[in-house]
Each structure stands twice: as C-alpha cells, then as structure tokens.
Amino acid sequence: MKFSENWLRELVAIDVSRAELVERLTMAGLEVESVSELGFGLDGVVVGEIIAAEKHPDADKLQVCKVDIGTGDSLQIVCGAPNARIGLKAPLATVGSNVGGLAIKAAKLRGVESFGMLCSAKELGLDADASGLLELPADAPAGQPLREFLGLPDASIELKLTPNRPDCLGMRGLALEVAAELGSSAHLQESEPVVARNNDRIDVRLEAPVDCPRYCGRLVRGVNPRAESPLWMRERLRRGGIRPISAIVDVTAYVMLETGQPMHAFDSTKIDGRVVVRRARVGEKLTLLDEREVILTDEFVVIADDSKALALGGIMGGFDSRVSDASVDVFLESAHFAPGSIAGRARKLGLHTDASHRFERGVDPDLPGLAIERATRLILDIAGGSAGPVVEAIEPGRLPQRVQVHLRRARLARILGIDVADSEVTCILSTLGMDVITQDDGWLATPPGSRFDIAIEEDLIEEVARLHGYQNIPTQTPRGELALTAPREDRVAVTDMRAQLAARDYAEAITYAFVAADLLEKWGMNTGSVALANPLSGDLAVMRTSLLPGLLAALTANRNRQQTRVRLFEVGRSYRVGDTAPIGTTPVEAAPIETDRIAGVAIGNVDREQWGASRREIDFFDIKGDVESLLALSGSAADEFQFRAGGPTWLHPGRCATVVRDDEVVGHVGALDPRLQKVLDLDDDAYIFELDIATLARRVVPLAGELSRFPTVRRDIAVVLVESIAWSDIETAIRDAVGTVLAKVFVFDRFVDQNLGIGMKSVAIGLILQDRSRTLTDHDAD
C-alpha cells in the first residue's frame, strides 16, 4: 500500500513529524517499507508556458522555445522533448537551480543559447515517466513555484501490510487506524447519494451468490471520454504508485485508493442485455485488459452479459468491454467478492492485480454502495454526463456477519501483564470503529465490516496492546522457581539410547512425519494410516505409521551419493488412526494414536575401511548385537528379553526376529525383504530394526546385594536337538530347570553332521553355577 503523506495529513490531524509518524505506524503493526521524499531541491523550478517553438537550425530533434515565466519577459530554452509545443505548460528549471544533482546554467546547444531546462517528471524525481515533459494543466499560473502548484514537498510512503489488515489498503481505513493510534480524529469525505437524472439502467443477476453476494452497477450516459483528470487526482495516484490513464479509469483507481473498494468501468455499448455474475464455464475464453487471452475453468467468477464473459470477477476487466477514448456511455461496477472465491485464482493465471490483492484478503461488504456514489460524483464533476439509478443485486444471508466478541478485563490484564484503564480500552475499541458495550467483567465489541481479523478475544487484546503501545508495556523478568525433577530410575532415558547407538557408529537422522501414501503401500504399512486434510504435497499426504520408510529413504539418498557404508537411527513418533467411539448415536473418530519409537538402518561393511582388518558385510547378528546393546540399558535379567524367529512381511523371512519382553512385543529386527529391497532400488542387503520406546525403556531398579564369597563351578553339556528349536527356548528350559544356582548360561559350539540325522543339530552349552550360602560340590554340580 503506497500513499501520499500530504493526503493522509488532510484526512487526519497529525501533529507529529514524518519520522515519528513512520515509527508509530511500524510499532502499531503497519510496517513502513520505504519512504520516498518528493519535491525536495526544487528551488528555482517554476511553471513555464511555451509561447513559441521553432526547429533548431542544426539539430532535427531539438526545438528552440520561448518560455513565459510570468515576469513579462520570456526565456529562450533549447528542448528535445517530443511533446514540447506552443501553449504547453511545463516545469522550467531556471539558471542557478539544481535538478537531480545537475546544476542549471546558461549554455549553448549546437550554437544556440539556452537559459534553463524544461523538465520531465523523472528529472524532477516525481515519477518514473521520462517520455516527455511533465504536462501541467492549462490553468497553471506561469511563474508560480512548482512546489506550491503541486503541493510539495511530500513523501510517498509504502506500507508492508500483513494479510490480516486489508482495511488499511485504502486511505479511509488507514486514516481511521492513524487517528486511533495518535488519539486524533479522522475527517473522512462522505459522498452524498447522486440523484438519478434518467431512468436508464442495466439489470443485474446473481447466479453465484456465494462468490459474490453483493453487486452494484450504475449507467452514466453522455460523459466526455477525452476529459482530463484533475492534477490533484493524478498526483495522488502517482504518489500511490498508480499511473494515470484517462478520466474514467483514473476515477475508478482513485476511489479504490481512497476507500479500499476495487471498481471497474465498462463501455455500456459492449454489454448485451443484462449483467450476470456467474461461474465461468469450463474452457471459456476471455481476453483481459493486458490483451492476454486466458482459458477459464469453473473455479473462476466472471462478470458476463447474456452472450459472453466481460471481465474476470475480482481480478481484471476484459479488453473488449473496456472504456476507450470513444466511450460516451459507461457502466460502473462495484461489488463484494468472498475472499475464498478470489484467493489463488489470479496466481493460477500468473497475475497479481490491485483488485485481487484486496479481494482475496477481504473488503468491507458495505463499501460497494459508498464507492459507486463517490465514483459517480467524481465522473460527473470531471467528465460530465447524466447518471441513472444504482442497481443492486444482493443476497444478505451470504454477506459476512458482524459478530460480537467478549473481552474480559481479567484476561486482558493477565495476558498483557499490566492494567489498562477501562476508559482507555473503551476509547481504543471505539476509535477503531467498533460498537462497544461495557459490562461488569469487561466489554462486548462488535468490529466493523472491514476488520475480518477480529473474531476472538485474543484479537481484541492485540488491538489494545497495539494502540496502548508495545513500548508502554514494561519488560518484566519472569519470576518463580523452576521445579527440577529427578530422573526416574525405573526408566531408561531416550538420551541414553541415542548415546548408545552413537557409540556404535550410528548417525542420528530426522525425517518427515509425513510420507507418500504409495510408499507406505509398498511397505505394507498403509493400514490405519492417517490422511492429512491439507497436505503440503502429494509426497507428504499421510502420517507415517513407522519410522522405517523415511529412514530407509534417507539411507538410499546417501547410497546414491557414493556413501557405501551407512548407519542411521531416528527417535520419533509413528501415527495410526484411533478407534471410533459412539457419542449418542453418532460415531466419533478418536484422535490418532501416537507411539514413540526408535529405529535404525545399516548397510555396507561392519567396520570402516582400514588396513588392519578384512572387509566383511554386515549381517543379521551384527544388527542383533546393536539391538541387544539397547536392551542391556534396562538392566533386566538375561531371560527377560527374547528374540523369536519371524517377523512382519517387510523383513526377510529367514533373517528376522521379533523382540519380546515378558510376552509383550517390543519390536522387530532383521534384513529387509528382498522383494521390497528391489522395489526400493537397493543393490545390497539392508538391515533394520524398530522398537517401541515405552516397552523398551522400562528399567529394573538396581538393588545392592552382597557378592557371593563362594567359587563358581562350570559344567559343559551337549544336547542333540531338532534344527528348528531356537536357542531362546533352550535357554528358557535350562533356567527353569536349574533355578537360582545358575549364574550364567551360554553356547560355545554348534555342530551339524549327517551322522546326527537330517534336520538335527548338536549344541554345546556352558553353565556357570554358584551358590550364595556354600561351596558347591562336584556332586551338586553334576
């Protein structure tokens, strides 16, 4: 939002300097992005009138002009501007002045003396237009200092508004905001309704009331299409960043800048029958004002007549129905478009217009009527004509409704940390245009239609804080003692798990909690997945049900970048759909189930490349050893955790195990299933594990005990068993049989031979026996 400082000072009594005004605006949340000073250093620049112009004798593109500066004498000026002509009034920099760093002095140009310089707007620093001399109105008094005539000095101030403040995209809303900030008053120009001088009208029909619940139109006949916009209007538009074009177009742009309500003018002779506000038809074509043809879909709103589309609603007018130098009868449009029907539509066409910028943020639904009356009055004053009645089509139930918001005094004090006087709160809210009702516990405030951002109590608290002044809220150091809790002895800290894996040469990774639905489907993990209502992209459409898909994707990315040995782990959460529970007769879905997990992936050599050891690829027992190091943190008895053969479908059926603790599944470990490995485009075997932290983290609280003073006795036994019997089952049987005398049990040999029989094995087991009360005899041990 760009505006003229002088214009703002006309609307609001501002008794502070420009620097302080800029500071106050920024502190109130309306960040000032730039300030461009205008009209400084124009001493000696006056209004000049060209009274004679002849071709330069030695230069085709130069003219020798006689310029009247109101003193009775004329100055000879050599000028090369293409629009220099007799009768033109333009700025003249006299000898001794300084324009744009150039000192003006008498000089000879191709042998002809020149006593000054006729100037363009760019040379004066007033505009970017350097195509010719800055043309001044015919009634500009020759000899008057240019600064006085143009109302200079001034400044063009640009605000970097956040999307929640569309009310400040017009001078009307900005003036109310500044008045509230400075405790001043705004002097807004209210247009009286223009009395219709004829009954000519174009009927309006709403076929898309959800997208456009209010549409106002008015037919103005007999305007002068070649009328010039007044200088004050052109200057305000320039200083607001808008290039003046023609009287009718300038009026619509000026009303938008003044009120914040975008408008458009049609050549009424190009309208066939009624004006219809509807959704575009799929494949419908429209040539826009920039002469670009677009192909529309039914998500766009168009302003049409009975036979064709005329304009793209809330975005840009159409080329064929535009106002031109031949347009005598014009149809003015002023409408309210719902932000949701405009947001994102312009970007899909590669556009960003003043209208779309405002409508997609929200415009006061009460402004269309005010804006059309203001525009009508300006057109009649500038270009003449006769106005017909205002035609309005409206769906009141579709318009945004003003909702009362309750502000509690106690909550205001608690959030801000200070007490703001009741009278100041009432004044702040009232000055912002709200209807305020005082209650015993606070206030009921109804925001104006322009404040779409005020919906809850915290919004009102923010308004009070802004206008009371953030700088007036004292900084206080938080007080109170922090309650430090001792770490639980019965839980293994996650930091210890991280440290353990880091010590075993794993690097910690952090992957997205969102994954692609087809990736989970590849893993067979898509059952119970939680779909996102508004995903960032198709690749991040569902919540992960396991850490492994994302972790293995990170491993693959490393392999694709020439990393042959990769070990990664992650601590995070997985998500599954919660169970539905009936409330009354309606089933209500519970919140997703979140599970804390730790997972790891490894591929490549067991050790880093070195000269002292031969290379060996990682195998199942290496990854199992890493998992066992995590299990050991719990300090549990040796038989509390068991590795049972088998696992889910994403693991290799012959090289995987399920980790169990007291018959409760902790997780899984093993090699990736070869079929999945091929789908994921991995050349080598990858080994993975995933464990539930809640079950894994239970720690046995250590109890101090006396060490046995009696020696241990070792006995070795060998048993012949069926190959399918797992060591975990053998160990359990031995511990149950021997009892507390057994201090340790382990396998030290495994033998398979055809003499044992097909499917049989011999396992050599070492047993360490020890009693706490006596020395075991050989007989006891045997």
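Worth saying up front: this structure is predicted, and the values here are computed from it rather than measured.

Kindly report on the overall build of the chain, identifying the contributing residues and their values.
Secondary structure assignment for the chain yields 21 helices and 40 strands. A compact globule built from 782 residues should have a C-alpha radius of gyration of about 28 Å, whereas the chain, at 41 Å, is more than 25% larger. With the principal axes as the frame, the chain shows a C-alpha extent of 140 × 75 × 60 Å. Residue burial in the chain is summarised as follows: out of 782 residues, 47% are buried. A separation of at least 24 residues holds for 69% of the contacts in the chain among residues at least 6 apart in sequence. Counting 87 positive and 116 negative side-chain charges, the chain places the averaged centre of each group 2 Å from the other.

How would you sum up the pattern of salt bridges? Please name residues and give values.
Taken as a whole and assessed by the stated rule, the structure comprises 69 salt bridges. Ionic pairing is found between Asp435 and Arg402, a salt bridge with its closest N-O pair at 3.0 Å. Placement of Asp435 in strand 25 (residues 435-438) and of Arg402 in the loop between strand 23 (386-394) and strand 24 (405-408) is noted, with a sequence separation of 33 residues between them. Classification of Arg402 as partly exposed rests on a relative accessible area of 43%.

Just give me the short version of the pairing of strand 15 (residues 264-267), but keep the residues and values in it.
Of the two faces of strand 15, both are covered, the one formed by His264 and Phe266 as well as the one formed by Ala265 and Asp267. As judged from the four bridges shared by strand 15 and strand 22 (residues 330-336), these two strands associate in the antiparallel manner. Across the sheet, residue His264 finds its bridge partner in strand 22, namely Glu333.

Would you mind going over the environment of Val35 in detail, with residue names and values included?
Topologically, Val35 is positioned in strand 2 (residues 31-38). Separated by 643 residues in the primary sequence, Val35 and Lys678 place their C-alpha atoms 62 Å from one another.

Can you lay out the side chain of Asp771 for me, pointing to particular residues and giving the numbers?
Looking at where Asp771 falls in the secondary structure, it is placed in the loop between strand 40 (760-769) and helix 21 (778-781). No salt bridge is formed by the buried Asp771, whose closest oppositely charged neighbour, Arg774, lies at an N-O distance of 4.2 Å. In terms of polar contacts, Asp771 uses its side chain to reach the backbone amide nitrogen of Ser773, at 2.9 Å. Not counting the four nearest positions on each side in its chain, Asp771 is found in contact with Ser708, Phe710 and Leu776.

Summarise the pairing of strand 14 (residues 214-221); cite the residues concerned and give the values.
Of all eight residues making up strand 14, seven are buried, and the element is well covered by its neighbours. Inspection of the sheet shows strand 14 paired to strand 22 by seven bridges, in the antiparallel sense. Along strand 22, the bridge assignment pairs Cys216 with Ser334. As judged from the seven bridges shared by strand 14 and strand 23, these two strands associate in the antiparallel manner. Note that in strand 23 the partner of Cys216 across the bridge is Glu392.

Help me get a handle on the environment of Trp7, residues and values and all.
Structurally, Trp7 is set in helix 1 (residues 5-11). Assessed through its relative accessible area of 2%, Trp7 is described here as buried. When the C-alpha positions of Trp7 and Gly170 are compared, they lie 12 Å apart, and in sequence the two are 163 residues distant. Contact partners of Trp7, with chain neighbours within four places excluded, come to Met171, Arg236, Tyr254, Leu257 and Glu258.

Describe the sheet that holds strand 21 (residues 316-317), and please don't skip the residues or the numbers.
Strand order across the open sheet formed by five strands is 13-16-19-20-21, with mixed pairing between neighbours. Taken across any chain shown, the strands that pair with only one partner, and hence form the sheet edges, are strand 13 (204-206) and strand 21. Across three bridges, strand 13 lies against strand 16 (residues 275-279) in parallel orientation. The partner of Arg205 across the bridge, within strand 16, is Val276.

Quick one: what's the story with the packing of helix 5 (residues 231-239) against helix 6 (residues 247-259), residue by residue and with numbers?
Orientation of helix 5 relative to helix 6, taken along the N-to-C sense of each, is 60°, at an axis distance of 10 Å. Classified by the angle their axes make, helix 5 and helix 6 are oblique. Along this stretch, helix 5 crosses helix 6, giving a crossing that reads as left-handed. Every residue of helix 6 that contacts helix 5 at Trp232, Met233, Arg236 and Leu237 is listed here: Asp250, Val251, Ala253, Tyr254 and Leu257.

Before we move on, can you summarise the nonpolar core with the specific residues and values?
In this structure, Leu8, Leu159, Leu174 and Val178 are the most contacted members of the largest nonpolar core, which totals 53 residues. With near-sequence residues (within four places) excluded, Leu8 lies in contact with Phe3, Ile14, Leu21, Met171, Leu174, Ala175 and Val178. Within the second largest apolar cluster, 39 residues are counted, among which are Ile271, Leu288, Val301 and Val302.

Can you break down empty space enclosed by the protein residue by residue, with the values?
Summed over all chains, the structure comprises one cavity of 30 Å³ or more. Lining of the largest cavity is provided by Leu11, Met171, Arg172, Leu188, Gln189, Glu258, Thr259, Leu370 and Arg374. Going through the elements one at a time, helix 4 (171-182), helix 6 and helix 10 (367-383) are the ones with two or more residues in the lining of the largest cavity. Grouping the constituent residues of the lining of the largest cavity by class yields four nonpolar, two polar and three charged.

Tell me about the state of the cysteines, and name the residues and values.
Under the defined criterion, the tally for this structure stands at zero disulfides. Cys79 provides the cysteine sulfur closest to Cys65, a residue in no disulfide bond, and the two sulfurs are 5.4 Å apart. Considering cysteine sulfurs only, Cys212 is the nearest to Cys216, which forms no disulfide, with 9.1 Å between them.

With reference to specific residues and values, describe the packing of aromatic side chains.
For any pair of aromatic rings, the description rests on two quantities: the centre-to-centre distance and the angle between the ring planes. Taken as a whole and assessed by the stated rule, the structure comprises seven aromatic pairs. Plain terms: the ring middles of Phe620 and Phe621 are 5.4 Å apart, the flat faces sit at 80° to each other, and that makes the pair edge-to-face. In this structure Phe620 comes out as buried when scored by relative accessible area, which is 13%. Take Phe621: its relative accessible area is 61%, and that puts it in the exposed class. An aromatic cluster of at least three residues, connected via ring pairs, comprises Trp7, Trp232 and Tyr254. Residue placement shows Lys624 over the ring face of Phe643; its charged tip is 4.5 Å from the ring centre. Stacked on the ring of Phe748, the Lys or Arg Arg714 has its end atom at 5.4 Å from the ring centre.

Hey, could you go over the sheet that holds strand 14 for me, with residue numbers and the actual values?
Pairing within the open sheet is antiparallel, and its four strands lie in the order 15-22-14-23. Edge positions in the open sheet fall to strand 15 and strand 23, since each of these has one partner strand only. Taking the axes of each pair of neighbouring strands and ignoring which way they run, one obtains an average angle of 20° across the sheet. The sheet strands contacting helix 10 are strand 14, strand 22 and strand 23, and the helix crosses strand 14 at an angle near 15°.

Run through the confidence of the model for the chain, naming residues and quoting values.
Overall, the prediction assigns the chain a mean pLDDT of 90, with 98% of residues at 70 or greater. In the model of the chain, strand 31 (residues 580-583) stands out as the element of lowest mean pLDDT, 52, in contrast to strand 22, which has the highest, 96.

Parameters at a glance
Residues numbered from 1 in each chain as written. Predicted model: local features only at pLDDT ≥ 70, side-chain atom pairs only at ≥ 80, totals over all residues. Heavy atoms only, no water. Helix = DSSP H or I, 4+ residues; strand = E, 2+ residues; numbered from the N terminus. Rg over C-alpha atoms; globule rule 2.2 N^0.38 Å. Buried < 20%, exposed > 50% of the residue type's maximum accessible area, 1.4 Å probe, protein only. Contact = heavy atoms within 4.5 Å. Lys, Arg positive; Asp, Glu negative; His and termini not counted. Charge placed at Lys NZ, Arg CZ, Asp CG, Glu CD. Salt bridge = Lys/Arg side-chain N within 4 Å of Asp/Glu carboxyl O. Pairing = 2+ DSSP bridges. Polar contact = N/O pair within 3.5 Å; in protein donor to acceptor, adjacent residues only side chain to side chain. Axes fitted to C-alpha atoms, helices over the stretch in contact; angles between N-to-C directions. Parallel < 35°, antiparallel > 145°, perpendicular 65-115°, else oblique. Left-handed = near helix turned anticlockwise from the far one by under 90°. Core = buried A, V, L, I, M, F, W, Y, C linked by side-chain atoms within 4.5 Å. 1 Å grid on protein atoms, 1.4 Å probe; cavity = no way out; pocket = protein on both sides within 12 Å on 5 of 7 lines; lining within 4 Å. Points joined across faces, edges and corners; volume = space filled by probe spheres on them. Nonpolar A, V, L, I, M, F, W, Y, C, P; charged D, E, K, R; others polar. Disulfide = S-S within 2.5 Å. Phe/Tyr/Trp six-rings, centres within 6.5 Å; stacked < 30°, edge-to-face > 60°. Lys NZ or Arg CZ within 6 Å of the ring centre and 35° of its normal. pLDDT = per-residue confidence, 0-100.

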